[in-house]
Amino acid sequence: MMEKLRNPKNVKTISLIVAAIFVIGCFTLAMSAGGFGSGVASAASSESAIGVVNYQVLVSQSPRLEGVREDMQKAIADTRREFDSKSANMNDEEKERYYKQLQEHLGNKEKELMDPLLEEINATIKKVADKKGLKVVVDKSTVVYGGTDITDEVAKALQTAAKNAAKK
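Report on the accompanying structure. Note that the structure is predicted; figures quoted are calculated from it, not measured.

This part takes up the sheet that holds strand S2 (residues 136–139). Strand order in the open sheet formed by 3 strands is S2-S1-S3, and the pairing between neighbours is parallel. At either margin of the open sheet sits one strand with a lone partner, and together these are S2 and strand S3 (148–149). Pairing between strand S1 (residues 50–53) and S2: 4 bridges, direction parallel. Paired with valine 52 across the strands is valine 138, a residue of S2.

Written out as structure tokens, the structure reads:
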């Protein structure tokens, strides 16, 4: 038996068999320890936990948007009157500086008016996502494929909340 092991051809064959067993063992260990198999399984399970919303649709259909628009139109009209009255005696450079200040003020006003609306939308998205067991919700414009679209449910929940608030 020892003579057969000393034969160079047999040593190569035995070495290849041992190496093959080692590689197969490593591959099996990797598969069972969370390499390939569980990676695919976790990707599949996480895909079902991803929600998708069309944020632009939710903002445009928000019952509060009309009030924000009206307040913003009033702020623009007030700013225009203020600019006309105060800039009458200003030179062009002063008018431009003052105009930029008022534009910044209007931008801040718009943010002030939109933030509560966006917070309400985000809170409603969270409620619907929690109810459906979704772990992540992303905007539809960033998704190529997949995800559970909850836009309609969120829009309905926003409408219901607005109706309930109007009754109070």
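A rise of 1.5 Å per residue sets the reference length of helix H6 (residues 92–132), with its 41 residues, at 60 Å; its end C-alpha atoms lie 58 Å apart and thus fit the reference within 8%. Listing the buried residues of H6 in full gives Tyr98, Leu102, Leu106, Leu113, Met114, Leu117, Ile121, Thr124, Ile125, Val128 and Ala129. In this fold, the buried residues of H6 make contact with S1, helix H4 (55–61), helix H5 (65–86), S2 and helix H7 (151–167). Capping of H6 at its N-terminal end is provided by asparagine 91; its side-chain oxygen lies 3.1 Å from the backbone amide nitrogen of glutamate 93.

To continue, consider the packing of H6 against H7. One way to put it is that H6 packs onto H7 with a least axis distance of 9 Å and a crossing angle of 120°. By the angle between their directions, the pair H6 and H7 is classed as oblique. The element H6 and its partner H7 pack so that their crossing is right-handed. On H7, the residues touching Glu120, Ile121, Thr124, Ile125, Val128 and Lys132 of H6 are Glu153, Val154, Ala157, Leu158 and Ala161. When grouped by side-chain class, the residues that make up the contact of H6 with H7 number 7 nonpolar, 1 polar and 3 charged.

Calculation notes
Residues numbered from 1 in each chain as written. Predicted model: local features only at pLDDT ≥ 70, side-chain atom pairs only at ≥ 80, totals over all residues. Heavy atoms only, no water. Pairing = 2+ DSSP bridges. Helix = DSSP H or I, 4+ residues; strand = E, 2+ residues; numbered from the N terminus. Expected span 1.5 Å × (residues − 1). Buried < 20%, exposed > 50% of the residue type's maximum accessible area, 1.4 Å probe, protein only. Contact = heavy atoms within 4.5 Å. Polar contact = N/O pair within 3.5 Å; in protein donor to acceptor, adjacent residues only side chain to side chain. Axes fitted to C-alpha atoms, helices over the stretch in contact; angles between N-to-C directions. Parallel < 35°, antiparallel > 145°, perpendicular 65-115°, else oblique. Left-handed = near helix turned anticlockwise from the far one by under 90°. Nonpolar A, V, L, I, M, F, W, Y, C, P; charged D, E, K, R; others polar.

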